[in-house]
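Listed below are the residues making up each chain.
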Amino acid sequence: RQAMAFWILEHVCIGCAACEAVCPNEAISKGTGDTFEVDSSMCTECVGFYDEPQCAEVCPVDACVPNPAVRETHDELLAKFKRLHPNKEAS
């Protein structure tokens, strides 16, 4: 499947911060108002850490979804993981 960095739908996000707490790349931060946002340059869709994107797994309102504007292959996401975590082995 085509991988994508994730983003958070602002109109759906309830500001619970569950996604921020589980992001292994620290790619999620407080955005405008009470919502959160994903830095796509740091999002690896949890490649290298987990089989599934953790933000989407914990979001109670399904606000964390693939960003159609940031399409990346699994290999590109893995390369980003290696760049962000040069001393860590991918799981």
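Refer to the preceding data block for the structure.
Residues numbered from 1 in each chain as written. Predicted model: local features only at pLDDT ≥ 70, side-chain atom pairs only at ≥ 80, totals over all residues. Heavy atoms only, no water.

Engineer: Looking at this structure, I do not really get the overall build of the chain. What am I missing?
Structural biologist: When helices and strands are tallied, the chain shows three helices and four strands. What you see for the chain is a C-alpha radius of gyration of 12 Å, in line with the 12 Å of a compact globule of 91 residues. Here the C-alpha coordinates of the chain stretch approximately 35 × 25 × 20 Å along the principal axes. For the chain, with 91 residues in total, the buried portion stands at 37%. A separation of at least 24 residues holds for 68% of the contacts in the chain among residues at least 6 apart in sequence. (Helix = DSSP H or I, 4+ residues; strand = E, 2+ residues; numbered from the N terminus. Rg over C-alpha atoms; globule rule 2.2 N^0.38 Å. Buried < 20%, exposed > 50% of the residue type's maximum accessible area, 1.4 Å probe, protein only. Contact = heavy atoms within 4.5 Å.)

Engineer: Can you help me understand the nonpolar core in this one?
Structural biologist: Nonpolar side chains in soluble globular proteins generally cluster together in the buried interior. Residues Ile-8, Cys-19, Ile-28 and Cys-64 are the most contacted members of the largest nonpolar core, which totals 16 residues. Those elements that provide at least two residues to this core are strand 1 (3–8), strand 3 (36–38) and strand 4 (64–72). Per-element accounting of this core gives the leading share, three residues, to strand 1. In this view, Ile-8 contacts Cys-13, Cys-19, Ile-28, Phe-36, Glu-37, Val-38, Ala-63 and Cys-64; residues no more than four positions away in its chain are not counted. (Core = buried A, V, L, I, M, F, W, Y, C linked by side-chain atoms within 4.5 Å.)

Engineer: Looking at this model, I keep getting lost on the side chain of Lys-80. Mind explaining?
Structural biologist: You can see Lys-80 is positioned in helix 3 (residues 74–84). Of note is the side chain of Lys-80, whose polar atom sits 2.7 Å from the backbone oxygen of Ser-40. With residues up to four places along the chain from it excluded, the contact list for Lys-80 reads Ser-40, Ser-41, Met-42, Cys-43, Thr-44 and Glu-72. (Polar contact = N/O pair within 3.5 Å; in protein donor to acceptor, adjacent residues only side chain to side chain.)

Engineer: Help me out: how do you make sense of the environment of Asn-67 in this one?
Structural biologist: Mapped onto the fold, Asn-67 is located in strand 4. Taking the C-alpha atoms as reference points, Asn-67 and Pro-86, separated by 19 residues in sequence, lie 25 Å from one another. Only 2.9 Å separates the side chain of Asn-67 from the backbone nitrogen of Ala-69, close enough to count as a polar contact.

Engineer: Sorry if this is basic, but what is going on with the pattern of salt bridges here?
Structural biologist: Charged atoms that come close allow side chains of opposite charge to pair. Enumeration according to the criterion identifies two salt bridges in this entry. Across the pair Glu-72 and Lys-80 runs a salt bridge, and its minimum N-O distance is 3.0 Å. Each of the two residues, Glu-72 as well as Lys-80, counts as buried. (Salt bridge = Lys/Arg side-chain N within 4 Å of Asp/Glu carboxyl O.)

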